[in-house]
Amino acid sequence: MTDELIRTVNLTKIYGAGEVAVRALDGVNLTVAAGEFLAVMGPSGCGKSTLLNLLGALDRPTSGEVWVAGENLARLKNVDAFRAKTVGFVFQLHNLLPTLTALENVEVPMQGHLSASKRRMRARELLALVGLADRDAALPNQLSGGQRQRVAVARALANSPALLLADEPTGSLDSQSGEEILALLAGLNRTQGTTILIVTHDRRVAQATQRIVRMSDGRIISDHRLDDPLEEDLRTLANSRLGQAILEHNGVALKHLCPDERIALQRLLERLADRG
Amino acid sequence: MILKNLWRRPMRSLLTILGIAIGVATVVSLGAMAEGMIRNYGTVVGLSNDLLVIQANALDPLFSTLDEEMALRIQAVPGVEAVDPGIYTWIATEEMPFFLIFGYPPGSAAAAHYRIVAGKPVTGPKQIALGRRAAESLKKTVDDTVRLYGVPYRIVGIYETGQGMEESGGLVTLADGQEIAQKPRKVSLFQVAVRQKSDINQVKQRIETLDKTLSVNIASEYNAAEQYAGLMQGYAWGIAAVAIIVGGLGMMNAMVMSVLERTREIGTLRALGWRRRQIVMMILGEAVMLSLIGGVVGVAIGVGLTELAASAPGVGAFMEGIYSAGLFAQGLFTAFFLGMIGGAYPAWRAANLLPVESLRYEGGSSADSARRFRLTFGGQALRNLWRRRTRTILSATGIGIGVATLVMLASMSKGIMGQLNLLAGSGSPGNITLMQKKVADLSLSTLDERMVAQIQAMPGVKSVSPFLMGFVMSADMPFFLIGGIDPNSSAMAHYRLVEGRSIARPNEILIGKTAAKNYKVGIGDTLTLYDNRYRIVGLYETGVAYEDGGCIMALREAQRLLNRPRSLSFIFVDVIDPDQVEAVRAALERRFPEAQVSLSSQFAQDTDSQKQLDAMIAVIGGLAMLVGGIVVANTMMMSIYERTREIGTLRALGWPKRRILGQVVQESLWLCLVAGAFGSCFGVITVWGMSRLPFADAIIAVSWDAQTFANAIGIALVVGLLASFYPAWRASRLQPVEALRYE
Ligand SMILES: Nc1ncnc2c1ncn2[C@@H]1O[C@H](COP(=O)(O)OP(=O)(O)OP(=O)(O)O)[C@@H](O)[C@H]1O
Ligand SMILES: [Mg+2]
């Protein structure tokens, strides 16, 4: 991967001051290439949302730098345009506007950038993309949780952002709807080349990505690429019925012993080799 | 808990308190002023003797006229020690819009009432003693000169009486007073001293039997403002009521919002075993708490305002407030009442929330109603208003009442102005109206009858019509105009006969159609005015409410009846060439400097009473709009609070600040536009209803024009704009991250 989309340099964010100061991010250095699909994981309160907010220019770092699409966010002239065009946000709670229909919600980020008729057309396209072409006139409270989240994804894509930031997009959904959203995001990454950064607690969600960044106490503690062919195969295997069966068989012990997938899969491979 | 709940939304609580406070402040300050006015005005004639004699049926000494010679007849009554004639009138000068003039014979007991503190007493013509307050606001002192109707008076002394209104006037000799009041050989009142051993009541009765035109009052019991007291208190309450209603709506609004946004909390409390009564007590407690704070603040503001008004130069003395514990209690009670009323509905709503449902509540519109009545048109601003219909209705009603008040007052004022313009045949554009300059009230205008002949002789003048105006105000005739007119003058054409014939004899009158209807009389009947009986010979119609609700009679007879011989209220002049009207007007102005010469078409605008009326309307309307504006600001604040997450989302999606700003302003403007339209309708209905009340058609003539409505709605929009600034600014300043974390 050549094009560098995100680079953070010693990114630090401290909330509050003095006694009550919380070091939410502590010297984070992260580089993301264009077209990557990566997951940020870690325990609650480790600074994942904070990182995302800084990447999306919703907040300012205490120190350190954030570069997105070649721009230093601290020197950004028009933050609003950046938010509207360069990044798209998907929140844990859909945060759709309750008074607007699905279609109108998708139009919101385009207001002020596109003409009314173009907005409408683009919004329809996007709704079709997320599979909701027939629900365009529905209000958010007339949609299911998964459908709302799909509308939110469509809204995030409105201005074809280079970067999609999703903060626990499946967190409030049942596993079925969660998988739908995930498949949608993976598809977008594959077909449109959108760079996607997703914060999640869900191991299975993370496994659907190409790279997993683990955080703890405001620091990155591990960063694994899953994009070499062997790993891909292993992952496919791990997700396959056979792999599941094997894992299930020794699951508890395996997980307990090796919290990391790569090792788990290597063990799995070894076992498979053992069996021939 | 109650205090904490209020503190959660300090801005909302503050605005609500402010709304209530303004209502209460109005009650307190207007109440104090009315009371002060009644007390002050009631004692203004400076009674130093035992009995006060004024004209029977006169509204108060200001309107009273008696023959000077009556003094001799009163003097002859057994038991009377001394009789002091006095003049009491009211003029307007540049510096002092209300300048009272007292005229008493120098050295009389009545004149001694004005205790000289600097200089010396008035002893001769063209001398004046100024009241302390008048001297202060005119910035004059002993040996300076003041001009009254152009005539210079030398200030010989400064007096004090301890009475604010008296000290805002001046004392002159009786003869000078008669000249200023244009009442030669007439007086306003007699002050009678009773002999020591005589029974005061007996003397009173003896004087009363002397002449039917006399009304005798025992000085210690007399209050000139008695007739006004009810009216004035009514006024004060009427104005205050508007402010109170609007404030109350604001309170209800705030509490409904507070209940809505705490729906989940209330559900939790219910689930934790709170009883309904406890919920009701909590919400009512908050409402009452807010309004009592508002009440205390309001009392303070009210006192401040009154003090401020009292210190205004010139008019201050007329607005000197008198506070009583009762008034403060009234203010606080009003606040308490507002709290109870404003809190009752929200408390009821809160108590009736089902725990299960309220726990599920997420904010936003409920799915059901949204599905059924979704607005399919309009931008987000309109839909946001629609989302909170109760709130929108309450706040629209708040500002709507303000608009209604404006529309109502403006149309009535326009009506009155139009009426005055039409008065006595000034319809044709060629006409010129003369009246006395700088009189405080139209009905006080006095011109010399001899002017008629002089004007007639001037070039360019076609005809001259004299007119004398008076009113009957009594229990069975609340407002009855008496017009004295020369039956042969051209103004007579203005009174279009619909039945009967014109006047031929002094005891004959024509009455207006409305009067005929109101008093159920017709041709051939008799009407009794001030104990004189008149035969009705004809019915007329002019389209002017005053006139149609009154009567006209021969000028001489009116002068006799109203006791104003040889004097006129107005003179109407017709010119030969309509193009020359301005030239004739200017010539008249030069010739008669004591007269105000106006083109009839704009006569009423020129009068001081119209200016005062306009000022009053501006104050009342301003007050109503102020409270309305606070309600709107409050609503917008609530609206942005509850949409904090939404606003955060929009910011995260790249909406610029000014877009958010625009949306909030737009929402507020829509709210005010709706309210403006609604308020205009409400105003029309109210005025229409009022004009249907019995006898009201003799006073109120309503005039609608597009201008009034445009103004009212325009003002509503300006209020909406102003009221939305702060909320909009707050909304645009929300930090996206914090707004998104907001719960
Ligand atoms: N506005 C704020 N003020 C003070 N502290 C904050 C603020 N926002 C976050 N924090 C603190 O910063 C730390 C990181 O928070 P952050 O929201 O990034 O965690 P997270 O990894 O997203 O957690 P979760 O998985 O629960 O969403 C936490 O300790 C949190 O308490
Ligand atoms: Mg988080």
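Residues numbered from 1 in each chain as written. Chains lettered and ligands numbered in written order. Predicted model: local features only at pLDDT ≥ 70, side-chain atom pairs only at ≥ 80, totals over all residues. Heavy atoms only, no water.

1. A closer look at the overall build of chain A
Across its full length, chain A holds ten helices and ten strands. Counting over 276 residues, chain A shows a buried share of 51%. Sequence separation of 24 or more characterises 69% of the internal contacts of chain A that already satisfy a separation of 6 or more. Total accessible area on chain A is roughly 13000 Å²; 50% of this is exposed by carbon and sulfur atoms. (Helix = DSSP H or I, 4+ residues; strand = E, 2+ residues; numbered from the N terminus. Buried < 20%, exposed > 50% of the residue type's maximum accessible area, 1.4 Å probe, protein only. Contact = heavy atoms within 4.5 Å. Areas by Shrake-Rupley, 256 points an atom, 1.4 Å probe, with all protein chains shown as cover.)

2. Quick word on the overall build of chain B
Looking only at helices and strands, chain B features 26 helices and 24 strands. Going through the 743 residues of chain B one by one, you find that 56% of them count as buried. Taking all contacts inside chain B whose residues are at least 6 apart in sequence as the whole, residues at least 24 apart take part in 80%. Of the roughly 31300 Å² of accessible surface on chain B, a fraction of 60% belongs to carbon and sulfur atoms.

3. What about the site of ligand 1?
Lining the immediate surroundings of ligand 1 are 13 residues, of which S44(A), K48(A), S49(A), T50(A) and R741(B) lie closest. With respect to ligand 1, the chains having nearby residues are chains A and B. H201(A) places a side-chain nitrogen or oxygen 3.1 Å from an oxygen atom of ligand 1. Expressed as a share of its isolated accessible area of 630 Å², the protein-covered part of ligand 1 is 69%. Mapped onto the shell around ligand 1, the elements with two or more residues apiece are β2 (22-33) and α1 (48-55) of chain A. Residue contributions to the shell around ligand 1 peak at three residues, all from α1(A). (Near = heavy atom within 4 Å. Polar contact = N/O pair within 3.5 Å; in protein donor to acceptor, adjacent residues only side chain to side chain.)

4. Quick word on the sheet that holds β2(A)
Residues and elements named next belong to chain A. Overall, antiparallel pairing links the four strands, which are arranged β2-β1-β4-β5 in an open sheet. Every other strand in the sheet has two partners, leaving β2 and β5 (71-72) as the edge strands with one partner each. Here strand β1 (residues 4-15) pairs with β2 via eight bridges, running antiparallel. Bridge pairing in β2 places K13 opposite L25. Across the sheet, α1 touches β1, β2 and β4 (63-68), and the angle it forms with β1 is around 125°. (Pairing = 2+ DSSP bridges. Axes fitted to C-alpha atoms, helices over the stretch in contact; angles between N-to-C directions.)

5. Notes on the nonpolar core
Core analysis: the biggest nonpolar cluster contains 51 residues, and V108(A), I399(B), M625(B) and V632(B) have the highest contact counts within it. Those elements that provide at least two residues to this core are α2 (10-42), α8 (226-261), α14 (380-387), α15 (389-422), α22 (608-642), α23 (644-652), α24 (657-691) and α25 (706-733) of chain B. Ranked by residues supplied to this core, first place goes to α22(B) with twelve residues. When residues no more than four places from it in sequence are discounted, the contact partners of M625(B) are I399(B), G402(B), V403(B), L406(B), I715(B), A716(B) and V719(B). Within the second largest apolar cluster, 43 residues are counted, among which are M458(B), L468(B), F480(B) and I482(B). (Core = buried A, V, L, I, M, F, W, Y, C linked by side-chain atoms within 4.5 Å.)

6. Side note on the environment of Q663(B)
Residues and elements named next belong to chain B. By secondary structure assignment, the location of Q663 is in helix α24. When the C-alpha positions of Q663 and Q380 are compared, they lie 7.8 Å apart, and in sequence the two are 283 residues distant. Those residues within four positions of Q663 in sequence are excluded, and the remaining contacts are Q380, A381, N384, R643 and W655.

7. Focus on the pairing of strand β10 (residues 219-225) of chain A
Residue and element names in this part refer to chain A. Note that strand β9 (residues 211-216) and β10 share six bridges and pair antiparallel. Across the sheet, residue R211 finds its bridge partner in β10, namely R225. Where β9 folds back on β10, the antiparallel hairpin that results is connected by two residues, among which D217 adopts a positive phi of roughly 50°.

8. Quick look at the interface of chain A and chain B
On the chain B side, the residues contacting the 24 residues of chain A number 25 residues. Note on chain A versus chain B: buried area summed over both sides is about 2300 Å², and carbon and sulfur give 55% of it. Across the chain A-chain B interface, the total number found is one salt bridge. Across the pair D80(A) and R651(B) runs a salt bridge whose closest N-O atoms are separated by 2.9 Å. Taken together, the links from chain A to chain B amount to four residue pairs in polar contact (both at pLDDT 80 or more). The biggest single contributor to the side of chain A that touches chain B is helix α2 (residues 79-86) of chain A, with three residues. (Buried area = accessible area lost by both parts, 1.4 Å probe. Salt bridge = Lys/Arg side-chain N within 4 Å of Asp/Glu carboxyl O.)

9. Re the packing of aromatic side chains
Residue and element names in this part refer to chain B. Overall, the coordinates contain 14 aromatic pairs over all chains when judged by the stated rule. Arranged with centres 6.2 Å apart and planes meeting at 25°, the rings of F333 and F337 form a pair that is stacked. Of the two residues, F333 and F337 are both situated in helix α11 (residues 325-351); the distance of four residues between them amounts to about one turn of the helix. Relative accessible area serves as the criterion here: at 54%, F333 is assigned to the exposed category. Note on F337: relative accessible area 44%, which makes it partly exposed. (Phe/Tyr/Trp six-rings, centres within 6.5 Å; stacked < 30°, edge-to-face > 60°.)

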